[in-house]
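One letter stands for each residue in the lines below.
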Amino acid sequence: MKNIKLAMPSLKDAKLRRKLDVETIRYKENNKYINLGKGKTYYIFTYGCQGNEADSEVMAGILEGVGYTLSQDPMNSDVVLLNTCAIRENAEQRIWGVLGQLKGRKREKPDMIVGICGCMPQEENATNKILESYDFIDLVFGTHNRDHLPELIYQAYLTKAKVVEVLSNEGTILEDAPKVRQSHHKAWVNIMYGCDEFCTYCIVPYTRGRERSRSKEDIINEVNELVKEGYKEITLLGQNVNAYGKDLGTDYTFGDLLYDLDKTGIERIRYTTSHPRDLDEKTMLAMRDCKSVMPHLHLPVQSGDNDVLKIMNRKYTYEEYMSKINRLKELVPDIAITTDIIVGFPNETEEQFQNTIKLVQNAKFEGAYTFIYSKREGTPAAKMPDSVSDKEKHERLERLNVYVNEGYKKGHERFLNQVVEVLVDGESKNGEGMMCGYSKHLKLTHFKSNDLSLIGKTVKVKITEAKTWFMIGELCE
Ligand code: SAH
Ligand code: SF4
Ligand code: F3S
């Protein structure tokens, strides 16, 4: 297939943080493409973080805006997009696997447009591999140009060539784009895009551009609309939500935003992700004062060792982290705290790993995503020598997870015999006649019922069993 390279990724450009004004693009449908997808279907496979899920909702909105309808059968649709994640090598391995399956399908259905987008194409080596080894792919674009989607599909149809447009710049803010939300009671609300932290292991600052905050008016308007449409819960999204507003040059902060959003009447507010260095007193006070802000905080710590934290460029110490969560526990005594941890960072010693175990015990986390360090080309850590064997890294992960899983269980046990409020998501996957949802503390809760009219409602459930991964209870009348 011929290649049309409108733009190729550049790691060098992705590192730039020029002091340019952030451009806000107000999406408008272009009449030229209005019938592009008439009578045709689409499907989007989404991998990675909530940011990617939110992006897929926008791409679905844009595609439906030009006439496509959602396919019930992904492998039979006219446009298939893979919205990808580059955070760890195993995330990428999965995607190469799915591409393998799509290759066979494309041979049987040559008019199907296959596109790859999201964080992976932002990496130079991934896009080069796609160009060299995945000839059947029609479209390659990244995280910065979703609004070009109709034009890119149009080009692919017209030219029958592989169209590549991956922009490596600081990024823009896209407003007013249509969205097809996955849920009718829970919604993602982006408050900022990008990341300026440059943790030494992490690819995100290169794939997502610089930190840029949406205006508070745009955010509050979106939430007001969601309340009108009957939404019950919002999750505010950003790689470092506590840095919200810093780029806008005003003194309005994330804490102020929480106080303002509490006034919209939305029932539940969650947010992710917080950076420990930027978590401030105002945010903690808002968690105490605002009824809608849920008593759960995901605060990734990554390591419990000060030297490792330093080499990771996390800009806080074990002691500072503990003092922030202790302060938060003073203000919101029943808060549930969860975290992310990386084991096997280059040259991590057994003693340094033990400091992480110590932290997990002292912080009393009620859950953690734990990862083995994965080398990301282009990041500073990729150049660091590493004496820790793969076997040792896997063993550390297993040893750590014993403590982490105890924390999960204890976090459920503390609600035994108590009545919790559950926002009902739907039928449980495991067990007939059961339904499930999340409590305020973000505990997955199952209860006996087959009343589908409860979906999207908040019900009271008395907890009767506490397992490692969930709680079981009885619906209160
Ligand atoms: N912005 C968020 C998290 C983004 S990525 C934050 O700073 O907390 C989600 C998690 O993936 C990170 O918290 C980290 O634990 C993990 N992660 C990121 N890069 C990784 C890598 N190269 N190897 C292993 N885990 C990684
Ligand atoms: Fe990655 Fe660090 Fe930014 Fe999180 S804060 S996205 S871990 S660079
Ligand atoms: Fe993955 Fe990109 Fe999110 S790398 S975790 S999809 S920001």
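Every value quoted in this text rests on a predicted model; they were computed, and no experiment measured them.

1. Notes on the sheet that holds strand 20 (residues 444–448)
Phase 1: On the basis of which strands lie adjacent, the closed barrel formed by five strands has the order 18-19-20-22-21 and mixed pairing. The mean inter-strand angle of the sheet, taken between neighbouring strand axes irrespective of direction, is 50 degrees.

2. Details of the site of ligand 2
Phase 1: For ligand 2, the full set of nearby residues is C195, E197, F198, C199, Y201, C202, V204, P205, Q239, H275 and R314.
Phase 2: Considering only residue class, the shell around ligand 2 consists of seven nonpolar, two polar and two charged.

3. Looking at the pattern of salt bridges
Phase 1: What the rule picks out here adds up to 40 salt bridges.
Phase 2: A salt bridge links K263 to D260; the nearest nitrogen and oxygen atoms lie 3.0 Å apart.
Phase 3: With relative accessibility at 65%, the residue K263 sits in the exposed group.
Phase 4: The salt bridge partner of R327 is E330, with a shortest N-O separation of 2.8 Å. Placement of both R327 and E330 in helix 11 (residues 318–331) is noted, with a separation of three residues, approximately one turn of the helix.
Phase 5: Here R327 falls in the partly exposed class, since its relative accessible area comes to 28%.
Phase 6: Residue class for E330 comes out exposed when judged on its relative accessible area of 57%.
Phase 7: Among the charged side chains, a salt-bridge network with shared partners connects E175, K179, R181, R214 and E222.

4. Observations regarding the domain arrangement of the protein
Phase 1: On domain assignment, one finds that the protein holds domain 1 (3–165), domain 2 (183–294), domain 3 (329–414) and domain 4 (419–475).
Phase 2: Relative placement of domain 2 and domain 4: their C-alpha centres are 27 Å apart.
Phase 3: Residue-level contacts link eight residues of domain 2 with 13 residues of domain 4.
Phase 4: Where domain 2 abuts domain 4, roughly 790 Å² becomes buried across the two surfaces, and 48% of that area is made up of carbon and sulfur atoms.
Phase 5: By the criterion of area lost to domain 4, the three top residues of domain 2 are H185, R268 and R270, representing 57% of everything that side buries.

5. Side note on the packing of aromatic side chains
Where two aromatic rings form a pair, the distance of their centres and the angle of their planes describe that pair.
Phase 1: Going through the model one piece at a time under the given rule, you end up with 12 aromatic pairs.
Phase 2: Where Y316 meets Y321, the ring centres are 6.1 Å apart and the plane angle is 35 degrees; that geometry is what we call tilted.
Phase 3: By the ring-pair criterion, three or more aromatic residues cluster together here, those being W96, Y134 and F136.
Phase 4: Cation over ring: R88 sits above F371, and NZ or CZ is 3.7 Å from the ring centre.

6. Describing the sheet that holds strand 5 (residues 79–84)
Phase 1: As summarised here, the arrangement of the seven strands in space is 1-8-7-6-5-3-4, forming an open sheet in which the pairing is parallel. Of all the strands in the sheet, the pair left with one neighbour each is strand 1 (3–7) and strand 4 (69–70).
Phase 2: Two strands pair when backbone bridges link them, and strand 6 (residues 113–118) and strand 7 (residues 139–141) are joined in this way by two bridges, in the parallel orientation. Its bridge partner being in strand 7, G115 is matched across the sheet by L139.
Phase 3: Helix-sheet contacts for helix 2 (residues 50–65) involve strand 3 (41–46), strand 4, strand 5, strand 6 and strand 7, and the interaxial angle to strand 3 is about 170 degrees.
Phase 4: Along the sheet, helix 3 (residues 89–108) contacts strand 5 and strand 6; its crossing angle with strand 5, the most-contacted strand, is approximately 170 degrees.

Criteria and thresholds
Numbering of residues starts from 1 in every chain and runs along the sequence as written. Starting at A for chains and at 1 for ligands, labels are handed out in the order in which the entities are written. Where totals are concerned, whole chains, interfaces and linings use all residues; where local detail is concerned, this predicted model gives features only for residues with pLDDT of at least 70, and gives and counts side-chain atom pairs only at 80 or more. Side-chain measures were taken over the full set of non-hydrogen atoms in the model, leaving aside hydrogen atoms and water. Two strands qualify as a pair provided DSSP detects at least 2 bridges between them. Secondary structure follows DSSP: runs of H or I at least 4 residues long count as helices, runs of E at least 2 residues long count as strands, and numbering of each begins at the N terminus. Lines fitted to C-alpha atoms define the axes here, with helix axes fitted over just the stretch in contact, and angles between the N-to-C directions of these axes take values from 0 to 180 degrees. Any residue with at least one heavy atom within 4 Å of a molecule or strand is counted as near it. Note that Gly is not counted as nonpolar here; it falls among the polar residues with everything else outside the nonpolar set of Ala, Val, Leu, Ile, Met, Phe, Trp, Tyr, Cys and Pro and the charged set of Asp, Glu, Lys and Arg. Salt bridges are counted wherever a side-chain nitrogen of Lys or Arg sits within 4 Å of a carboxyl oxygen of Asp or Glu. Burial status follows relative accessibility: with a 1.4 Å probe on protein chains alone, a residue under 20% of its type maximum counts as buried, one over 50% as exposed, and anything between as partly exposed. By convention here, the domain bounds are inherited from an automatic or database domain assignment. By definition in these notes, contact holds between two residues if any of their heavy atoms fall within 4.5 Å. As a working definition, buried area equals the accessible area (1.4 Å probe) given up by two parts on being put together, with both sides summed. Between rings of Phe, Tyr and Trp, where Trp is taken as its six-membered ring, a pair exists when centres lie within 6.5 Å; planes separated by under 30 degrees are stacked, by over 60 edge-to-face, and by other angles tilted. Lysine NZ or arginine CZ positioned within 6 Å of the ring centre and within 35 degrees of the ring normal marks a charge as sitting over the ring.

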